[in-house]
Amino acid sequence: MGIAEALRTVRERIEKASLRAGRNHEEIKLIAVTKTVEPDRILEALRLGQRIFGENRVQETRRKVKSYELRVKSERIKWHLIGTLQKNKAKHAVQLFDLIHTIDSIDLAEEVNKQVEKINKMQDVLVQVKLSEEETKHGISEKDLPVLLGKIRGLNNLKLKGLMAMPSFFEDSEKSRPYFRRLREIRDEAEKNGFILPELSMGMSNDFEVAIEEGATMVRIGTAIFANGS
Ligand SMILES: *Cc1c(COP(=O)(O)O)cnc(C)c1O
């Protein structure tokens, strides 16, 4: 399957899952995850109407944006950082990314705010939540989340848009459902306490339909779009 067909299939599956959940599919943003995907194939997806691309690493994104083709067209692309951000990369990250999904500590939030202030930008961010102890991935614990959200609210150049999670991988996507549901409940609780968190970034190639049924507004999909050669 080429990128065109893969992308069309993924979009159809998003529409069907939205329909099943009684949601409007236009509420759901598809983030094409392009870590390890080279610029020519990113450009192909761009030509097919894809606009938001997710990258894991700051350095890799810089290299791609600087590459000839992507530089000339980069103003049409929205880059999202979906991988862990180290504080010492915050300076470059705020120059590249429209949305950072992975704020998970007060230290990191403060550093990003400081760097973004220097370039006079408002930076959209999500807070990454760790939903289970098995997760080797990063993320703030549920217990510490309210303090972090409060802190971010006090930082002038960050605009908090919602929450992100990356539960462990399950072959059976139904096993991911309780985690996605939990993230939505955590969001709902935070909203009761006055935070406005419209975005839920959850769901990947293997489980995005379940995530949509549980309220995802952003799905991060790599393999299902780019896995099968060019
Ligand atoms: C790689 C990655 C994805 C996409 O995973 P696929 O299974 O290839 O769809 C989504 N989110 C994050 C944080 C990733 O690192």
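To be clear, the structure that these remarks concern was listed above.
Summary of the structure given here. (Residues numbered from 1 in each chain as written. Predicted model: local features only at pLDDT ≥ 70, side-chain atom pairs only at ≥ 80, totals over all residues. Heavy atoms only, no water.)

### Topic: helix α8 (residues 177-192)
Between the first and last C-alpha of α8 there are 23 Å, a value that for 16 residues agrees with the 22 Å anticipated at 1.5 Å per step. Residues of α8 that are buried: Arg177, Phe180, Leu183, Ile186, Arg187 and Ala190. Residues of α8 that are buried in the fold lie against α7 (145-153), β6 (158-164), β7 (199-201) and α9 (208-213). Of the residues one or two after α8, Gly194 is the one with positive phi, at around 100°. (Helix = DSSP H or I, 4+ residues; strand = E, 2+ residues; numbered from the N terminus. Expected span 1.5 Å × (residues − 1). Buried < 20%, exposed > 50% of the residue type's maximum accessible area, 1.4 Å probe, protein only. Contact = heavy atoms within 4.5 Å.)

### Thoughts on the environment of Thr61
Here Thr61 is to be found in helix α3 (residues 58-66). Look at Thr61 and you get buried, because its relative accessible area is 0%. Expressed as a C-alpha distance, the spacing of Thr61 and His92, which sit 31 residues apart in the sequence, is 9.8 Å. In this structure Thr61 touches Glu55, Trp79, Leu96 and Phe97, once residues within four positions along its chain are discounted. Here Arg57 takes part through its backbone oxygen, which lies 2.7 Å from a polar atom of the side chain of Thr61. (Polar contact = N/O pair within 3.5 Å; in protein donor to acceptor, adjacent residues only side chain to side chain.)

### A word on the packing of helix α6 (residues 106-118) against α7
Between α6 and α7, whose axes approach to 10 Å, the crossing angle comes to 15°. Taken as axis vectors, α6 and α7 run roughly parallel relative to one another. Like other packed secondary-structure pairs, α6 and α7 cross with a definite hand, here right-handed. Contacts between α6 and α7 involve Ile106, Ala109 and Glu110 from the first element and Val147, Leu148, Lys151 and Ile152 from the second. Of the residues that constitute the contact of α6 with α7, the class distribution is five nonpolar, no polar and two charged. (Axes fitted to C-alpha atoms, helices over the stretch in contact; angles between N-to-C directions. Parallel < 35°, antiparallel > 145°, perpendicular 65-115°, else oblique. Left-handed = near helix turned anticlockwise from the far one by under 90°. Nonpolar A, V, L, I, M, F, W, Y, C, P; charged D, E, K, R; others polar.)

Bear in mind that shape data such as this cannot, by itself, settle questions of function.
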